[in-house]
Amino acid sequence: MQTAVLLSGGLDSAVLVADEATRGRVQPIYVSVGLAWEGAERRTIARLLESGALGPSVQPIAALAVDMTDVYPAGHWALEGRPPGYHTADQEVYLPGRNIVLLSKAGVYCATAHIGRLVVGTLAHNPFPDATPVFRSAMATALSIGLEHALQIEAPDATVSKADVIRRGVALALPLELTLSCMNPALSAPPAPPRHCGVCSKCRERHDAFLDAGVPDPTDYANRRHMDSKV
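Q: Even after reading the chapter, I still don't get the overall build of the chain, so can you show me in this structure?
A: In terms of regular secondary structure, the chain is built from eight helices and five strands. Sequence-ordered secondary structure for the chain, helices as α and strands as β, is β-α-β-α-β-α-α-β-α-β-α-α-α. Here the C-alpha radius of gyration of the chain, 17 Å, is about what a compact globule of 231 residues would show, namely 17 Å. Projected onto its principal axes, the C-alpha coordinates of the chain cover approximately 55 × 40 × 35 Å. Relative to all contacts within the chain whose residues are 6 or more apart in sequence, the contacts with residues 24 or more apart total 72%. Counting only carbon and sulfur atoms, one obtains 56% of the accessible surface of the chain, whose full area is about 10300 Å². Each charge class in the chain can be summarised by its mean position, and for the 20 positive and 23 negative side chains these summaries are 3 Å apart.

Have a look at this one:
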């Protein structure tokens, strides 16, 4: 059975795609909603796919869009690329309805492409209401009924940590330096890759997970003051 995976270019979703590809054909899906870092994510995904590191079973990206710029308030940090700081708690970077939007658009795509399984890279620490088993079950039921297409929505990594994901990525020989987990990436002219800012909470999560995994962090951080203080 073909599986669709929501791919952002981040550690979690990239490792998930590579892992799923060891068992069958994978259709990666990217849904843009108008956030500031999406250009960097698209460039990251392109590099990942061009590298062949995700495996020969991975199909070209299905790029979809839902405009959310008319829902989030004007000047919202996620639209302007001004994320909260390094030590910010996860709750402070919550984007209401994000998984509702992503899964809805991806679910319609799956119905038209005759794909019956859609997976997301939710991890154990995710505190948000749209990242729970009951939410995924309800979404799968609603989409299956509304589209007249049986659809499973799963989060295979919902009980594991980001450190566990990193260890699995290493075991899969995935070049983790090609992934992007940052809310304010520094962009330069192509073909140069985006650089992690090093001062947002996603960069903190990423670096701490490498430390927890016992794996050297290969990430290029534009600002390393927080990382160097942990050496």
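Q: Would you mind going over the pairing of strand S2 (residues 26-32) with me for this structure?
A: Among the seven residues that make up S2, seven are buried, leaving the element largely enclosed by the rest of the structure. Burial along S2 is two-sided: the face carrying Val26, Pro28, Tyr30 and Ser32 and the face carrying Gln27, Ile29 and Val31 are both buried. One crossover worth recording links strand S1 (residues 3-6) to the parallel S2 by way of helix H1 (residues 11-21), and it is right-handed. Alignment of S2 against strand S3 (residues 62-65), held across four bridges, turns out to be parallel.

Q: What's the story with the side chain of Arg117 in this structure? I'm lost.
A: Tracing the chain through its elements places Arg117 in strand S4 (residues 117-119). Within the structure, Arg117 has its side chain in polar contact with the side chain of Thr3 (distance 3.0 Å). A polar contact of 2.8 Å, which involves the side chain of Arg117, links it to the side chain of Glu20.

Q: Help me out: how do you make sense of the pattern of salt bridges in this one?
A: A side chain of one charge can pair with a side chain of the opposite charge when the charged atoms of the two come close. All told, the structure shown has 12 salt bridges when counted by the stated rule. Among the salt bridges present, the one from Arg23 reaches Glu20, with a minimum N-O distance of 3.6 Å. Given a relative accessible area of 6%, Glu20 falls into the buried group. In this structure, Asp220 engages Arg195 in a salt bridge whose closest nitrogen and oxygen atoms are separated by 2.8 Å. With Asp220 in the loop between helix H7 (201-213) and helix H8 (225-228) and Arg195 in the loop between helix H6 (162-171) and H7, this pair connects stretches of sequence that are 25 residues apart. Overall, Asp220 belongs to the partly exposed group, its relative accessible area being 42%. Judged by relative accessible area, Arg195 falls into the partly exposed class, the value being 33%. Salt bridges linked by common partners bring Asp19, Glu20, Arg23, Arg117, Glu154, Asp157 and Arg168 together as one network.

Q: Looking at this structure, how should I read the packing of aromatic side chains?
A: Each aromatic ring pair is specified by the distance between its two centres and by the angle formed by the two planes. Tallied over the full model, the rule gives two aromatic pairs. When the ring of Trp37 is compared with that of Trp77, the centres are 6.0 Å apart and the planes differ by 25°; the resulting orientation is stacked. You can see Trp37 sitting in the loop between S2 and helix H2 (38-51) and its partner Trp77 sitting in helix H3 (residues 77-80), a full 40 residues away along the chain. On the basis of relative accessibility, which here comes to 8%, the residue Trp37 falls in the buried class.

Q: Looking at this structure, I do not really get the sheet that holds S4. What am I missing?
A: Hydrogen bonds between backbone atoms are what pair the strands of a sheet, whose relative direction is either parallel or antiparallel. With parallel pairing, five strands are arranged side by side in an open sheet as S3-S2-S1-S4-S5. Every interior strand has two partners, whereas the edge strands, S3 and strand S5 (152-154), have only one. Neighbouring strand axes in the sheet, compared pairwise and without regard to direction, differ in orientation by 25° on average.

Q: Please clarify how the packing of helix H4 (residues 98-113) against helix H5 (residues 133-147) should be interpreted in this entry.
A: When two helices pack together, their arrangement is given by the angle between the helix axes and by the axis-to-axis distance. Remark: H4 packs on H5, axes separated minimally by 10 Å, with the N-to-C direction vectors making an angle of 40°. One element, H4, and the other, H5, form an angle in the oblique class. As for the relative orientation of H4 and H5, their crossing is right-handed in sense. For the pair formed by H4 and H5, the contact residues are Asn99, Ile100, Leu103, Ser104, Gly107, Val108 and Ala111 on the first element and Phe135, Met139, Leu143 and Leu147 on the second. For the contact of H4 with H5, the residue count by class is eight nonpolar, three polar and no charged.

Rules and cut-offs
Starting afresh in each chain, residues are numbered from 1 along the sequence in its written order. In keeping with the model being predicted, local features are shown solely for residues with a pLDDT of at least 70 and side-chain atom pairs are shown and tallied solely at 80 or more, while totals for entire chains, interfaces and linings include all residues. Hydrogen atoms and water are omitted, and side-chain values are computed over all heavy atoms in the structure. Secondary structure is summarised from DSSP: a helix means a run of H or I of at least four residues, a strand means a run of E of at least two, and numbering begins at the N terminus for each. C-alpha atoms define the radius of gyration in this analysis, and the globule rule sets the expected value at 2.2 Å times the number of residues to the power 0.38. Two residues form a contact once any of their heavy atoms are found within 4.5 Å. Method for areas: the Shrake-Rupley scheme with a 1.4 Å probe, in which residue coverage is limited to the protein chains shown. In this tally Asp and Glu are treated as negative and Lys and Arg as positive; neither His nor the chain ends contributes. In plain terms, the charge of a residue is placed at NZ if it is Lys, CZ if Arg, CG if Asp and CD if Glu. For the exposure calls, accessible area comes from a 1.4 Å probe over protein chains only, and a residue counts as buried if that area is under 20% of its type's maximum, exposed if over 50%, partly exposed in between. Note on handedness: a clockwise path from strand one over the helix to strand two, with the strands aimed away from the viewer, defines a right-handed crossover. Strands pair, by our definition, only if DSSP identifies at least two bridges between them. Polar contacts, as used here, are pairs of N or O atoms within 3.5 Å; protein pairs need one atom able to donate a hydrogen and one able to accept it. Residues neighboring in sequence count only if both atoms are side-chain atoms. A pair is scored as a salt bridge if a Lys or Arg side-chain nitrogen falls within 4 Å of a carboxyl oxygen belonging to Asp or Glu. Two rings from Phe, Tyr or Trp (for Trp, the six-membered ring) form a pair when their centres sit within 6.5 Å of each other. Planes less than 30 degrees apart are called stacked, planes more than 60 degrees apart edge-to-face, and all others tilted. In this analysis, axes come from line fits to C-alpha atoms, helices being fitted only over the stretch in contact, and the angle between any two N-to-C directions falls in the range 0 to 180 degrees. Any angle between 65 and 115 degrees counts as roughly perpendicular, while under 35 counts as roughly parallel, over 145 as roughly antiparallel, and the rest as oblique. Crossing chirality is assigned from the near helix's rotation relative to the far helix, an anticlockwise turn below a right angle marking it left-handed and a clockwise turn marking it right-handed. For this classification, the nonpolar set comprises Ala, Val, Leu, Ile, Met, Phe, Trp, Tyr, Cys and Pro, the charged set comprises Asp, Glu, Lys and Arg, and every other residue, Gly included, is treated as polar.

So yeah, pure geometry; function would need other evidence.
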